[in-house]
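# Examination of the molecular architecture
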Amino acid sequence: MSLKNQPPAQAATTANANAQWGGRFAGGPSDIMQAINASISFDKALWKQDIAGSLAHAAMLAHVGIISREDEAAIRKGLTEIGAEIAAGNFAFSEALEDIHMNIEARLSERIGEAGKRLHTARSRNDQVATDFRLWVRDAIDGLDQQVASLMRALAERAREHAADPMPGFTHLQTAQPVTFGHHLMAYVEMLARDRGRLADTRRRLNECPLGSAALAGTSFPIDRKMTASLLHFDRPTANSLDAVSDRDFALEYLSALSIMAMHLSRMAEEIVIWCSSPFSFIRLSDAFTTGSSIMPQKRNPDAAELVRAKTGRINGSLIGLLTVMKGLPLAYAKDMQEDKEPVFAATDAAALCLAACDGMVRDMTANTQQMRALAGSGYSTATDIADWLVRVLKVPFRTAHHVTGRLVARAEAQNIGLADLTLAEMQAEEPGITQDIYSVLTVDASIASRTSEGGTAGSNVLAQATRWLDTLADHPTTAEG
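Here goes a summary of the coordinates provided. Here the structure is a predicted model, which is why all the values come from computation and not from measurement.

Another point: the layout of surface pockets. To find leftover empty space, one rolls a probe the size of a water molecule over the atoms. Taken as a whole, the largest pocket holds about 550 Å³ of empty space. Surrounding the largest pocket, 23 residues form its lining, H183, H184, M186, A187 and Y188 being those nearest its centre. If you list the elements that add at least two residues to the lining of the largest pocket, you get β1 (166–171), α9 (181–206), α12 (249–276) and α20 (459–475). Counting residues per element, the lining of the largest pocket draws most heavily on α9, at 7 residues. Residue composition of the lining of the largest pocket, grouped by class: 10 nonpolar, 9 polar and 4 charged.

All told, the structure shown has 29 salt bridges when counted by the stated rule. Two residues, R125 and D99, come together in a salt bridge whose shortest N-O distance is 2.6 Å. Of this pair, R125 sits in helix α8 (residues 125–161) while D99 sits in the loop between α5 (69–88) and α6 (100–112), placing them 26 residues apart in sequence. With its nearest N and O atoms 3.3 Å apart, the salt bridge here joins E208 to R236.

Along its 37 residues, α8 runs 54 Å from first to last C-alpha, staying within 8% of the 54 Å computed at 1.5 Å per residue. With 28 of its 37 residues buried, α8 lies for the most part within the structure. Sitting at the head of α8, S124 places a side-chain oxygen 3.0 Å from the backbone nitrogen of N126.

Another aspect to go through is the environment of A106. With respect to the element layout, A106 can be found in helix α6. Take A106: its relative accessible area is 13%, and that puts it in the buried class.

On to the side chain of T457. Here T457 shows up in the loop between α19 (444–450) and α20. Looking at T457, its side chain comes within polar contact range of the main-chain nitrogen of T180, at 3.0 Å. Residues contacting T457, with those up to four places away along its chain left out, are P178, V179, T180, H183, I448, R451 and V462.

Turning our eyes to something else, we now look at the packing of aromatic side chains. The full count for this structure, using the stated rule, is 7 aromatic pairs. Aromatic pair W136 and F345: ring centres 4.6 Å apart, planes at 55°, arrangement tilted. In this pair, W136 is assigned in helix α8 and F345 in helix α14 (residues 341–364), connecting sequence segments 209 residues apart. The same class applies to W136 and to F345, which are both buried. For R138, the ring lying beneath its charged end belongs to F234, and the centroid distance is 4.9 Å.

Together, L216, L242 and L331 make up a nonpolar patch on the protein surface, roughly 270 Å² of accessible area in all. For L242, a relative accessible area of 32% corresponds to the partly exposed category.

Thresholds, definitions, all that
- Residues numbered from 1 in each chain as written.
- Predicted model: local features only at pLDDT ≥ 70, side-chain atom pairs only at ≥ 80, totals over all residues.
- Heavy atoms only, no water.
- 1 Å grid on protein atoms, 1.4 Å probe; cavity = no way out; pocket = protein on both sides within 12 Å on 5 of 7 lines; lining within 4 Å.
- Points joined across faces, edges and corners; volume = space filled by probe spheres on them.
- Helix = DSSP H or I, 4+ residues; strand = E, 2+ residues; numbered from the N terminus.
- Nonpolar A, V, L, I, M, F, W, Y, C, P; charged D, E, K, R; others polar.
- Salt bridge = Lys/Arg side-chain N within 4 Å of Asp/Glu carboxyl O.
- Expected span 1.5 Å × (residues − 1).
- Buried < 20%, exposed > 50% of the residue type's maximum accessible area, 1.4 Å probe, protein only.
- Polar contact = N/O pair within 3.5 Å; in protein donor to acceptor, adjacent residues only side chain to side chain.
- Contact = heavy atoms within 4.5 Å.
- Phe/Tyr/Trp six-rings, centres within 6.5 Å; stacked < 30°, edge-to-face > 60°.
- Lys NZ or Arg CZ within 6 Å of the ring centre and 35° of its normal.
- Patch = residues over 30% accessible without salt bridge, like charges linked within 9 Å, V, L, I, M, F, W, Y side chains within 5 Å.
- Areas by Shrake-Rupley, 256 points an atom, 1.4 Å probe, with all protein chains shown as cover.

Next comes the structure, spelled out in structure tokens:
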């Protein structure tokens, strides 16, 4: 049937048929099929990686004699010009061409003719997208790693500033023992250091090059996979062509690392929300990171922190979504795997924004050290110091000391006074060996200063740890460089 005799819808889709497919699919996809099949709306984000991979592939093809040096030069020139077009916003992306790979390849053939059609020799979109995606995730890791390092520096700088300033330490969000504000901030430095480690581990494992695996079985052409791997700064080629085109572990591991990091940032954000609340008033954020109320003029809402807390759900959802996509797929490639990129892109954007917001809030916040000090001794927070004194001075078994201390807390509670306000006679009524010296351990400062064990909250410890981390971060600012 001629085109002019076809129904309008069919004629339209036939006219838009993807020329890259060749003769077998001359009828063209339906509008619905085209809409569900096309990925250019999101995978155009891979354009830099796609051009880099194609440049490396062309250089290798010329090196081993599969294409001529003249064709390779034309391809290199054409791809460079296409990159400039895209960067300038002058590239017309076509949904009919489905994805970034075929959009760039078609444009290349338009620009340089037959030479452009030789580029796809000895590769498939399957190994091409696997390579592009690994390159993109690797770049994303390097960018996020710098942000994590910046946040760690911000926390360590504030910790050094407040190394000896007391605040209440909590368990179950109940006052437990005095700690320092610097010690509390340094806990997040340790968490973020583990996040950097997970990102670095992910980067090391993903740094194998799938290019040359072709559709699933490799290729009969005499390619040099080590060369393309080297040109793209991979450590080595992937070892199995089936695994290479079907593996998305690197994306899952990356999302897993982001999910754990997002959980850490959410915990930090939750504490910022609590610390900003009037009953605590431990810190104050400026207008840069808060908003007002439409009805209550006195309000200063920590919206930046609340949104960091909320975006954890988006990042976790990306991980669960991709796990679900991959869980039932047989080897090798399946179109389901087109759903891998949007969750990774979305999670990366959310993680980058959360890191920037947390970095900004840490640098912006003003600590109310007087309020923190006033509450550091509340809730009988130095009770453990009494128990420790009984063990250390009177050689009382700890469990016995615990019971004695509990009875002293009960006495103080009954009178609505602090432990330091109990008389020596009242203390000796519970343990006759207690002397006046016990009062020396009941102050907040004495309690904090005594916690000199490795990793403890003593101000000298915190100062040393903050300084160590700042020196480390100055020497090794990013995973890639470190």
